[in-house]
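As a plain string of letters, each chain reads:
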Amino acid sequence: MERNAFFDNAKVILIFLVVFGHMIQPFIGDSKSTEAIYIWIYTFHMPAFILLAGFFAKGSGNKKYIWNLMKKLIIPYFIFQTLYTIYYFFIGKADWQTGVFYPQWSLWFLFSLFSWHILLVLFKKLPAGWSISLSIFIGVFVGYFGEIGHSFSLSRTFVFFPFFLIGYWLTVDQIMWVKNRHVKTASIAVMLSLFALIYIFPVIDTGWLLASQSYSSLGVESFGGLIRLFVYMIAAVMTISILAWIPKRNLGWVTKLGTRTLYVYLLHGFIVQFLREFDLLTVNHWFDVIGIAGLAALIVILLSSKPILTVSQPLIEGRLAKVPSLFNHQHKETSS
C-alpha cells in the first residue's frame, strides 16, 4: 500500500525539533527568546511524536508480538545504554555513571514505547472514551508519588501514555480533520499567542513538559494534578495546530527522511553531547539560534544518510535489512 506522505513529513519535522531542542537547551538560561523557543517546542513535540507512534501501533499481545517488541525496542535500549555510558565517560560528562534502568539521554523513549505497547494490550479492550479517560487519570495521579520518576522511565510512560492511546484510536480521516481550513486558521492564532505568552511570562517550569518529576519536586504538590491537566490541554491544542500545517504532498528526499527517524533519534545524542561538553556552540544573538537550527537540520540529514544507516543498522536492528521507520507505517481503516 502506498505510504501517506503526511505522516513521513510530520516525523521529519518532529525529529528535527527533537534535535534542535536538545541543541539549544544549554542556552535557555542566557537568552529569553531562546528559552521561549525551547518551551514552545516542548509543549507539543513529544506529545505529537508519541501520538503518531500510537497511530501506527499494531499487534495482538501474543508471545510472538511481545518478543518482536523486545527485539525492536528493548535490545537496542540496552545496546545504546551501554554505548552512551561508555561515550559519556570518554568525553568527560559528569553524570555518565547511571544504573542500567536509568535511561541515558533520550533512551527513555524506547523503554516507554515498549511499555505503551504492553499497556495497549489491556487498554484497547475498553471503549475508546473510557480507556483515554482512565489513562489521563493515571497520568495525573502518578505525579503525587515521588517514587515514580526517571528510573525505568515510569513517570514519562504514564504521563505521556494518553497521547499514545489517543493516536491508537484515531483513524486517518480523523487525523486529516486538522487540515480543515478553519482549524488551520485558528491554529495560527494558537501558536502565535502561546509563543507570545511564553515570551512575556516565562513561568512554565520545563519539568512539567519533560514529565519525569513528581509534583512535590516541582514545588506544587497540592495543585499539581490541575496543572498537569492544563499542560495536557496545551499539548493537545498545540499538537492539532502543528499537524494542521504539515504538508500532505510528497516532498521527495525530505519526505523519505521520515522513514529513518529512529536512526536520528538514537544517534544524535553522540553529536549533541560532544558539542555540549566542549562548548562548541554559543548563543549571543538571534542569528546564532538560526545557525543552530541549520546545524540541527544537517545532523538529521547526516544521520539519515546511507553510510550511517549501513554502519548503525546492525546495532539498531540486529541484522542487515531494509531501513525501517520509527513507527510501523501501515494504514489503518478510516472507519472507527
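Residues numbered from 1 in each chain as written. Predicted model: local features only at pLDDT ≥ 70, side-chain atom pairs only at ≥ 80, totals over all residues. Heavy atoms only, no water.

Comments concerning the confidence of the model for the chain
Caution is warranted with low-pLDDT regions, since their predicted coordinates should not be read in detail. Per-residue pLDDT for the chain averages 90, and the proportion of residues at 70 or more is 93%. Under a pLDDT of 50 for its full length, residues 320–328 has, in the predicted model, 31 contacts with residues more than four places off or in other chains. Below pLDDT 50 for its whole length, residues 330–336 participates in 22 contacts with residues either more than four positions away or in separate chains. (pLDDT = per-residue confidence, 0-100. Contact = heavy atoms within 4.5 Å.)

Concerning a nonpolar patch on the surface
Side chains of Leu126, Trp130, Leu134, Phe137, Phe141, Tyr144 and Phe145 sit close together on the surface and give an oily, nonpolar patch of about 730 Å² of accessible area. For Phe137, a relative accessible area of 53% corresponds to the exposed category. (Patch = residues over 30% accessible without salt bridge, like charges linked within 9 Å, V, L, I, M, F, W, Y side chains within 5 Å. Areas by Shrake-Rupley, 256 points an atom, 1.4 Å probe, with all protein chains shown as cover. Salt bridge = Lys/Arg side-chain N within 4 Å of Asp/Glu carboxyl O. Buried < 20%, exposed > 50% of the residue type's maximum accessible area, 1.4 Å probe, protein only.)

Topic: the packing of helix α4 (residues 63–91) against helix α13 (residues 261–277)
Contact pair α4 / α13: the axes reach a minimum separation of 11 Å and the direction vectors enclose 15°. One element, α4, and the other, α13, form an angle in the roughly parallel class. For the element pair α4 and α13, the recorded crossing hand is right-handed. Of the residues in α13, those touching α4 at Phe80, Leu83, Tyr84, Tyr87, Tyr88 and Ile91 are Leu266, Leu267, His268, Gly269, Phe270, Gln273, Phe274 and Glu277. Here the contact of α4 with α13 is composed, by residue class, of 10 nonpolar, three polar and one charged. (Axes fitted to C-alpha atoms, helices over the stretch in contact; angles between N-to-C directions. Helix = DSSP H or I, 4+ residues; strand = E, 2+ residues; numbered from the N terminus. Parallel < 35°, antiparallel > 145°, perpendicular 65-115°, else oblique. Left-handed = near helix turned anticlockwise from the far one by under 90°. Nonpolar A, V, L, I, M, F, W, Y, C, P; charged D, E, K, R; others polar.)

A closer look at the side chain of His268
In this fold, His268 is placed in helix α13. Residue class for His268 comes out buried when judged on its relative accessible area of 0%. One polar contact links His268 to Trp105, side chain to side chain, over a distance of 3.4 Å. With residues near it in sequence (within four places) discarded, His268 still touches Val18, Val19, His22, Tyr84, Trp105, Ser106, Ile299 and Leu303. (Polar contact = N/O pair within 3.5 Å; in protein donor to acceptor, adjacent residues only side chain to side chain.)

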